[in-house]
There are 6 protein chains.
Amino acid sequence: MATSSYKYFLVDTPAPFVAHVQINRPKKINAFFEEMWLELKTIFDTLSISPDIRAVILSGVGDRGFTAGLDVQAASQEGVLAQQAGVDDAARKAVAIRRHVQEFQDCIGSIEKCAKPVICVLHGVALGLAIDIATCADIRLCTSNISFAVKEVDIGLAADIGTLSRLPKIVGSTSWVKDVCLTARIFGAEEALRVGFVSHVLENKNAALGRAMEMAKLLAEKSPIAVQGTKELLNHSRDHAVAESLKYTGLWNSAAIQTSDVERAMLSGLKKTKPRFEKL
Amino acid sequence: MATSSYKYFLVDTPAPFVAHVQINRPKKINAFFEEMWLELKTIFDTLSISPDIRAVILSGVGDRGFTAGLDVQAASQEGVLAQQAGVDDAARKAVAIRRHVQEFQDCIGSIEKCAKPVICVLHGVALGLAIDIATCADIRLCTSNISFAVKEVDIGLAADIGTLSRLPKIVGSTSWVKDVCLTARIFGAEEALRVGFVSHVLENKNAALGRAMEMAKLLAEKSPIAVQGTKELLNHSRDHAVAESLKYTGLWNSAAIQTSDVERAMLSGLKKTKPRFEKL
Amino acid sequence: MATSSYKYFLVDTPAPFVAHVQINRPKKINAFFEEMWLELKTIFDTLSISPDIRAVILSGVGDRGFTAGLDVQAASQEGVLAQQAGVDDAARKAVAIRRHVQEFQDCIGSIEKCAKPVICVLHGVALGLAIDIATCADIRLCTSNISFAVKEVDIGLAADIGTLSRLPKIVGSTSWVKDVCLTARIFGAEEALRVGFVSHVLENKNAALGRAMEMAKLLAEKSPIAVQGTKELLNHSRDHAVAESLKYTGLWNSAAIQTSDVERAMLSGLKKTKPRFEKL
Amino acid sequence: MATSSYKYFLVDTPAPFVAHVQINRPKKINAFFEEMWLELKTIFDTLSISPDIRAVILSGVGDRGFTAGLDVQAASQEGVLAQQAGVDDAARKAVAIRRHVQEFQDCIGSIEKCAKPVICVLHGVALGLAIDIATCADIRLCTSNISFAVKEVDIGLAADIGTLSRLPKIVGSTSWVKDVCLTARIFGAEEALRVGFVSHVLENKNAALGRAMEMAKLLAEKSPIAVQGTKELLNHSRDHAVAESLKYTGLWNSAAIQTSDVERAMLSGLKKTKPRFEKL
Amino acid sequence: MATSSYKYFLVDTPAPFVAHVQINRPKKINAFFEEMWLELKTIFDTLSISPDIRAVILSGVGDRGFTAGLDVQAASQEGVLAQQAGVDDAARKAVAIRRHVQEFQDCIGSIEKCAKPVICVLHGVALGLAIDIATCADIRLCTSNISFAVKEVDIGLAADIGTLSRLPKIVGSTSWVKDVCLTARIFGAEEALRVGFVSHVLENKNAALGRAMEMAKLLAEKSPIAVQGTKELLNHSRDHAVAESLKYTGLWNSAAIQTSDVERAMLSGLKKTKPRFEKL
Amino acid sequence: MATSSYKYFLVDTPAPFVAHVQINRPKKINAFFEEMWLELKTIFDTLSISPDIRAVILSGVGDRGFTAGLDVQAASQEGVLAQQAGVDDAARKAVAIRRHVQEFQDCIGSIEKCAKPVICVLHGVALGLAIDIATCADIRLCTSNISFAVKEVDIGLAADIGTLSRLPKIVGSTSWVKDVCLTARIFGAEEALRVGFVSHVLENKNAALGRAMEMAKLLAEKSPIAVQGTKELLNHSRDHAVAESLKYTGLWNSAAIQTSDVERAMLSGLKKTKPRFEKL
């Protein structure tokens, strides 16, 4: 996949089998409106099945931040509520809103559904929708100057694009989750690391992108059958009882273990060479 | 809600929309017997629907501690086992015990079911039932002198009022959960913070109550639609797969987003004023 | 249970009601092949119902490590893939592999199913299958020199004997889980403690075994009804919604609370004596 | 339990251990308003724990029918929508409606939660809420002149007091369920029997009450431990996977089998006498 | 929606708010290949949100039958297996097959996801994929000359487009389901009616289409808020425990009951007029 | 598999790939005691993996009936209650009983877990355990003289070996299920057919065995990949939501569709010959 020309995102391939997706609206600190999340879904659906990609990095263009979240001004002019202005019936409004929220959720959720691991690099401002997006990624890195906040309650909303569904499942302390979701307070890198929201803190954006690139290259050199299976099975286990996951795992591997990647990986291990794996 | 005269609890309103519930049996370090947990349920069921309350603080009267747990002496004289003394049939005893345990669970669970966020301030002695109660709260603060213990195995019991069901879901380390639940050992503030059981440690009870008051006031100033929705959706996500939670969230917000609170909150944000929200 | 003569494990009773199971193939750093995991199941199934055992310690013989994981050489010669060499039909191979994986999972899972608490002492090399095994134990201790790795992706596999199903549920940070499962990188004691994978780090194997022995003796002195109920109910809560767990707990205790252990434990508490409990 | 004086229900004990509950507002064909379903819950909660009752019959007073359902006129004057007339905020209305619906569901659901088996005798008009109520009973009998309808869509509503949740689980044909729920058409006795909604059709109300009484007496003579366990386990199985139900059943019977009823029942079987069982 | 020009389907609007979708490849007894099921999804996704449609009829063009199922010849030339001919790696083939099957399932599943009720009219030949499609509809009618069969085992396959997942949930007898799915035998109208697979049998295709039209018109005259809510809630109940469905229902109706359709429907009921409802 | 010499069962191979298992204790109308159900498990575990068996018939030796159920006399002398005679502690008894019930459930459940379809032929007396066993089979046939009863409540028990967990899921009418489970009344062939408990009624045992043999031969001639996959996926769907089953099905078929059986089956279809499939 050569550098693609999307409208609101930069997508290129900085290393073999590695894609880098950048949110590209730096003047508005990468704030999102509807056209953007529709494009985001197109990108991740494409990466998910592209045989030339085995790992994805997601970051934001510019110095100011990953994303300031929803572009509230745009949302109030073009969004579902704006469109429903002429509708009086609360039940009919509710149907339209529900459809809109589900579509929005589906777009952001394409990051999680992407078959390839996604490493999210968070820097500077990372508010509201930034958290929804980050919780869909597999691995989160951030810079030491990060400003995170689950901002939605401050505009009269319970966050509805995924944060409340996913955040409690990716960190350990519910007391902390409720604290930041109910108060909408800013939290920083040290706190994010301590509670496990991010797994590494780097000193600045360049360092964080560098670390992400190292990880992405490492993943891209491994068997794509093994890496993609691992992502799928870890996501499955989040939502199922252990016995159910074990059964699903057994079924998964009944085909996956037949891959020639196992032999290649083992031989390379013995010969201390780098294995090469067929496209997937 | 003016200061109410409950028998075993002090309930007052130290700030607008904030309720403070205090366990009030300090001579026995706030140890519980049946009449107390029935009253506790009445209080939290009332707070849950009171339009004048938007945040709740729960603490224990006195210097010695939050609560020493079940009043074992009282339990042995009036409890379900005492009442079943004349019954020989193990199956009939089991029916009576199960009913009793479920009622007890329901009473303590009223804290979790309360629609308003509950901040639990833990100090000094906090044993057995203290943990069952604390795990039902949304946010936990403690003092540096706290003595926590999941004490039940030491009286020949598997804890049955909620600790074993909720504790593994509110902290990150199962190895730690099993350690403290199986050994019944005391653990302190530093450990509680490290594993995420509490989200803040304060130096003493006054400081902890002060911090809780700040948080409660902050929550009480926000849109009650947003705050109560956030609590409900976070509790829902604990017990459901992500896809299920997302669907429920979309349905929830199909009505909630229609609130005028969104507009008020946004305008206040632009004008840098404090929004005022209608009762709920 | 006197010292038993298993082929690949040492099993003895270093203290009353305490069993110590040691993986005993130190020349190969305790690497596993099929006969070994079948024997492991026999041992834990036996311990599970033995009235003379109330707590179990699991460790590896020798200085080099707990276990290096699957003996890949043995696996390639005798394992299910080797046996399927002459089969061409991918669907028939899949059936055989699935059966084999499920049997393997069942053997390792016998540690989790064991009714008595299992304390796992991890030292030195602890790769691949070591993590599958450790995640089945109740409490994990390690030495400061430990080298952990979820190694499977490096041999072209998604780990299928339990790590991907259980690890996300026993530590708090999913970002960390995905990092170590996707990269297969080594991680040490400090990191394992920070994320909650282990609950204690000891300086060396002797110290770790000592600490495990203390814990095991402590558990063995408590009511076996209370201890085994606590293990079962904590395992149940991992896989169920809270309301479901509370209901199951109420039913569990409807019989368990009828035990005379409650009275014995309470009396001993008052008299400051050690209670003695009947066999279970 | 002697004949009780409830306001909208007749409750008496026509045979030992058998209660008969009759909806008693025949002038309005037993149509329901809020006070009535609150009373219904009080009655069934009482029967559930009364040691003098082992089986319950539920029917409607008068010739015209079991119940015409919700008293729409009353609902429009005193119900939740009426009370919300002055509220403009759709989100705040939604909160009030949700609370109201849940309370209503809980009241009707008390029939299902009643520990004793409930036999519902349906005659004449049985519309809307009649179906919600009937689906909560354990066994349904009807008269040949019955007129059933899931009437709610005809007043602009999706039925929300239980019919849509329970009906698909108590009959076999989803095509039929959707037919009657979407069209709101009347269906009669023959059709109800064919799809399994009722298990017996009797020629008139007297005959149906007679048959119900026979069944109730039969159940009342059996071990209450066995009968109530059977009801609970069948309800559990509806909502759980088979493996889960088997586990719950094993736990249930670990106490229940210890009853002396087993010995009494067996001896009576041998001696061809009627066993007598202790109260429960 | 005027008559649309799809390639493999006829779609028109024979009555206000009623769409009629006809599979249109009669020369091949409406057998399906990939392009067709992609088009089917486009159609049902469009109908799902079209404000001009409130009920849908699905049938097959021609005298010979509803559909003979998968066009096996086309499948072997263009399908996923054909495309994978050059791939040796069983694991990589498995990934491609899984993606293909999921896309196929999603296309057929669009019938079930369609917000409007779908009435399926089955006549003549209705094999294999015909059953997958029919199980996605809400109400099934058939002609007396129908020939149904779950045909997949006879081509070496376990049916994978929905029959095995849905059929056991829409009829009552598992013994019958296993009989027809394992033997692949033909079954007719009388049997389909007896087990509840269809809810009505008509003498020929014209009569069946006539009956479907009557039902569709009836549904199209009712409140679309009520009808679409009823479909959604019935589908929800199939996949959830009763307590879960009741909660979801309460939330659903918290917005839906606010519709003006309730008042319109009630007034029309009193005035014996036909209500008219706003678009949805 | 030649005719095997089990102690309480006859097992032979009356046709290629067809096993016939007969309960062989006709003097006691095939009543069961512990040794028998342990042997039953051995037999079905063996058949499950035997490459020479593709379908199984299960019936009872003798004219009097399939089985009279549990041999109550034997149970009272050797069973778990007898063994616990000396134990006073209700909690310890409960542990022993639970283990025993789970083992008993596992033995009977081996029929359901058997990878090959099991056709159960029921004649004459079929009480108590007969129903537990029959509900584990895939297809049930009975003779016109059958006497079925869920007999357990009459000996003071809630049926605990599977009937209460499985029966509500294999027939359509819950009202009927509760009727027969609560009353313990006898029901016959016509009723069993009407509610879908059996799918065919034959005039006598010979005819029923003949019909079962025809079906078994038919299944044995089909692709074992297809047949066994169909059984597994139908059992999976019983216990899972549709979306979950579809996902599992897609994964299952990602390996299964790669079988050469598909090509063989299709070719045979074209050539009108009988396909031959490799062993599985």
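Residues numbered from 1 in each chain as written. Chains lettered and ligands numbered in written order. Predicted model: local features only at pLDDT ≥ 70, side-chain atom pairs only at ≥ 80, totals over all residues. Heavy atoms only, no water.

Caption draft 1: Local environment of the nonpolar core. Among the nonpolar cores identified, the biggest contains 143 residues, and Phe44(C), Phe148(C), Phe197(C), Phe44(E), Phe148(E) and Phe197(E) are the most heavily contacted of them. Excluding residues within four positions of it along the chain, Phe197(C) makes contact with Ser175(B), Ile131(C), Ala134(C), Thr135(C), Arg140(C), Phe148(C), Leu167(C), Ile170(C), Val171(C), Phe187(C) and Ala192(C). (Core = buried A, V, L, I, M, F, W, Y, C linked by side-chain atoms within 4.5 Å. Buried < 20%, exposed > 50% of the residue type's maximum accessible area, 1.4 Å probe, protein only. Contact = heavy atoms within 4.5 Å.)

Caption draft 2: Representation of the domain arrangement of chain A in the model. Residue and element names in this part refer to chain A. For chain A, the assigned domains read domain 1 (3-221) and domain 2 (224-271). For domain 1 and domain 2, the distance between their C-alpha centroids amounts to 27 Å. The partner domain 2 presents seven residues to the twelve residues of domain 1 that form the contact. Interface area, domain 1 with domain 2, both sides summed: about 790 Å², of which 51% is carbon and sulfur. Looking only at domain 1, the three residues that lose the most surface to domain 2 are Arg54, Glu112 and Lys169, adding up to 47% of its buried area. Counting the contacts that link domain 1 with domain 2 gives two salt bridges. Residues arginine 238 and glutamate 112 are paired through a salt bridge, measuring 3.1 Å at the closest nitrogen-oxygen approach. Inspection of the region where domain 1 meets domain 2 yields five residue pairs in polar contact (both at pLDDT 80 or more). Every element with two or more residues in the side of domain 1 that touches domain 2 is listed here: helix 4 (90-113) and helix 6 (163-170). For the side of domain 1 that touches domain 2, the residue count by class is six nonpolar, no polar and six charged. (Domains from an automatic or database assignment. Buried area = accessible area lost by both parts, 1.4 Å probe. Salt bridge = Lys/Arg side-chain N within 4 Å of Asp/Glu carboxyl O. Polar contact = N/O pair within 3.5 Å; in protein donor to acceptor, adjacent residues only side chain to side chain. Helix = DSSP H or I, 4+ residues; strand = E, 2+ residues; numbered from the N terminus. Nonpolar A, V, L, I, M, F, W, Y, C, P; charged D, E, K, R; others polar.)

Caption draft 3: Structural view of the relation of the copies chain B and chain A. Once chain B has been moved 0.0 Å along the axis and rotated by 120 degrees, it coincides with chain A to within an RMSD of 0.0 Å. Such values leave the two copies arranged in the relation of a three-fold axis. For chain B, the residue whose C-alpha comes nearest the rotation axis is Gly172(B), separated from it by 2.1 Å. Little of the interface of chain B is mirrored in chain A: 4% of its interface residues are interface residues there too. (Least-squares fit on C-alpha atoms with pLDDT ≥ 70 in both.)

Caption draft 4: Here's a closer look at the packing of helix 10 (residues 224-238) of chain C against helix 11 (residues 242-256) of chain C. Residues and elements named next belong to chain C. Between helix 10 and helix 11, the least distance of the axes is 10 Å, while the angle of their chain directions is 160 degrees. Of the possible angle classes, the one that applies to helix 10 and helix 11 is roughly antiparallel. Here helix 10 and helix 11 pass one another in a crossing that is right-handed. Mapping the contact onto sequence places Ile225, Gly229, Glu232, Leu233, His236 and Ser237 in helix 10 and Glu244, Ser245, Tyr248, Thr249, Trp252 and Ala256 in helix 11. Residue composition of the contact of helix 10 with helix 11, grouped by class: five nonpolar, five polar and two charged. (Axes fitted to C-alpha atoms, helices over the stretch in contact; angles between N-to-C directions. Parallel < 35°, antiparallel > 145°, perpendicular 65-115°, else oblique. Left-handed = near helix turned anticlockwise from the far one by under 90°.)

Caption draft 5: Representation of the interface of chain B and chain A in the model. Tallying the contact residues gives 46 residues for chain B and 41 residues for chain A. Each partner contributes to the roughly 3600 Å² buried at the junction of chain B and chain A, and carbon and sulfur atoms together form 64% of this total. When residues of chain B are sorted by the area they lose upon contact with chain A, Leu234(B), Val242(B) and Leu246(B) head the list and together hold 17% of the total. With a shortest N-O distance of 2.6 Å, Asp154(A) and Lys222(B) are connected by a salt bridge. Where the side of chain B that touches chain A is concerned, the elements lending two or more residues are strand 8 (139-143), helix 6 (163-170), helix 9 (205-221), helix 10 (224-238), helix 11 (242-256) and helix 12 (261-271) of chain B. When the residues that make up the side of chain B that touches chain A are grouped by side-chain class, the tally is 22 nonpolar, 17 polar and seven charged.

Caption draft 6: Region of interest: the pairing of strand 3 (residues 18-23) of chain B. All names here are of chain B. For strand 3, a buried count of six out of six residues is recorded, marking the element as mostly surrounded by other parts of the structure. Burial along strand 3 is two-sided: Val18, His20 and Gln22 and Ala19, Val21 and Ile23, pointing in opposite directions, are all buried. Sheet topology places strand 2 (residues 9-15) next to strand 3; five bridges connect them, and they run antiparallel. Counterpart to leucine 10 in the pairing with strand 3 is glutamine 22. Where strand 2 folds back on strand 3, the antiparallel hairpin that results is connected by two residues, among which phenylalanine 17 adopts a positive phi of roughly 70 degrees. Of the pairings in the sheet, the one linking strand 3 to strand 4 (residues 55-60) comprises six bridges and is parallel in character. Residue pairing across strands places alanine 19 opposite valine 56, the latter belonging to strand 4. Crossover handedness for the path strand 3 to helix 1 (residues 34-49) to strand 4: right-handed. (Pairing = 2+ DSSP bridges. Right-handed = clockwise from strand over helix to strand, strands pointing away.)

Caption draft 7: Looking closely at the environment of Val177(D). With respect to the helices and strands, the residue Val177(D) is situated in helix 7 (residues 174-183). Separated by 27 residues in sequence, Val177(D) and Val150(D) place their C-alpha atoms 9.6 Å apart. What Val177(D) contacts, discounting residues up to four positions off in sequence, is Leu167(D), Pro168(D), Val171(D) and Leu234(E).

Caption draft 8: Quick look at the sheet that holds strand 5 (residues 65-67) of chain B. Residues and elements named next belong to chain B. Strand order across the open sheet formed by three strands is 5-7-9, with parallel pairing between neighbours. Each edge of the open sheet carries a strand with a single partner, namely strand 5 and strand 9 (147-149). Strand-to-strand twist in this sheet, taken as the mean axis angle between neighbours without regard to direction, amounts to 15 degrees. Judged from the three bridges that link them, strand 7 (residues 125-127) and strand 9 form a sheet pairing that is parallel. From the neighbouring strand, alanine 126 faces strand 9, where its bridge partner is phenylalanine 148.

Caption draft 9: Seen up close, the sheet that holds strand 5 (residues 65-67) of chain C. Residue and element names in this part refer to chain C. On the basis of which strands lie adjacent, the open sheet formed by three strands has the order 5-7-9 and parallel pairing. The open sheet has two free edges, formed respectively by strand 5 and strand 9 (147-149), since each of these has just one partner strand. Between one strand axis and the next, the sheet turns through 15 degrees on average, direction left out of account.

Caption draft 10: Focus on the pairing of strand 8 (residues 139-143) of chain F. Residue and element names in this part refer to chain F. In terms of residue burial, strand 8 counts as a mostly covered element, since five of its five residues are buried. Along strand 8, one buried face is formed by Ile139, Leu141 and Thr143 and the opposite face, lined by Arg140 and Cys142, is buried too. Summarising the sheet, strand 6 (residues 118-122) and strand 8 pair through four bridges and their orientation is parallel. Each bridged residue has a counterpart across the sheet, and for valine 121 the counterpart in strand 8 is leucine 141.

Caption draft 11: Region of interest: helix 1 (residues 34-49) of chain D. The end-to-end C-alpha separation of helix 1 of chain D is 24 Å, in line with the 22 Å expected for 16 residues at 1.5 Å each. Within helix 1 of chain D, the full set of buried residues consists of Glu34(D), Met36(D), Trp37(D), Glu39(D), Leu40(D), Ile43(D), Phe44(D), Leu47(D) and Ser48(D). (Expected span 1.5 Å × (residues − 1).)

Caption draft 12: View of the packing of aromatic side chains. Within the structure shown, the criterion is met by 48 aromatic pairs over all chains. Residues Tyr8(A) and Phe33(A) carry aromatic rings whose centres are separated by 5.1 Å and whose planes lie at 80 degrees to one another, so their mutual orientation is edge-to-face. One end of the pair, Tyr8(A), is in the loop between strand 1 (4-5) and strand 2 (9-15); the other, Phe33(A), is in the loop between strand 3 (18-23) and helix 1 (34-49), with 25 residues separating them in the sequence. With a relative accessible area of 13%, Phe33(A) lands in the buried category. An aromatic cluster of three or more residues is present, and its members are Phe148(A), Trp176(A), Phe187(A) and Phe197(A). The ring of Phe17(D) carries the charged tip of Arg54(D) above its face, separated from the ring centre by 4.0 Å. (Phe/Tyr/Trp six-rings, centres within 6.5 Å; stacked < 30°, edge-to-face > 60°. Lys NZ or Arg CZ within 6 Å of the ring centre and 35° of its normal.)

Caption draft 13: Broad picture of the state of the cysteines. Under the counting rule described, the total for this entry stands at zero disulfides over all chains. Among the cysteines around Cys120(A), which has no disulfide bond, Cys136(A) carries the closest sulfur, lying 9.6 Å off. (Disulfide = S-S within 2.5 Å.)

Caption draft 14: Structural context of the side chain of Gln258(F). Within the fold, Gln258(F) resides in the loop between helix 11 (242-256) and helix 12 (261-271). Here Ala90(E) takes part through its backbone oxygen, which lies 3.0 Å from a polar atom of the side chain of Gln258(F). In this structure the side chain of Gln258(F) is engaged in a polar contact, spanning 3.1 Å, whose partner is the backbone oxygen of Ser254(F). For Gln258(F), the residues in contact, after removing those within four places along its chain, are Asp89(C), Ala90(C), Ala90(E), Lys93(E), Ala94(E) and Ile97(E).

Caption draft 15: Fine view of the environment of Val125(B). Residue and element names in this part refer to chain B. As for its position among the elements, valine 125 is in strand 7. Here valine 125 falls in the partly exposed class, since its relative accessible area comes to 22%. Taking the C-alpha atoms as reference points, valine 125 and aspartate 106, separated by 19 residues in sequence, lie 24 Å from one another. Residues within four places of valine 125 in sequence aside, it is in contact with Ile29, Arg64, Gly65, Phe66, Thr67, Ala68 and Ser147.

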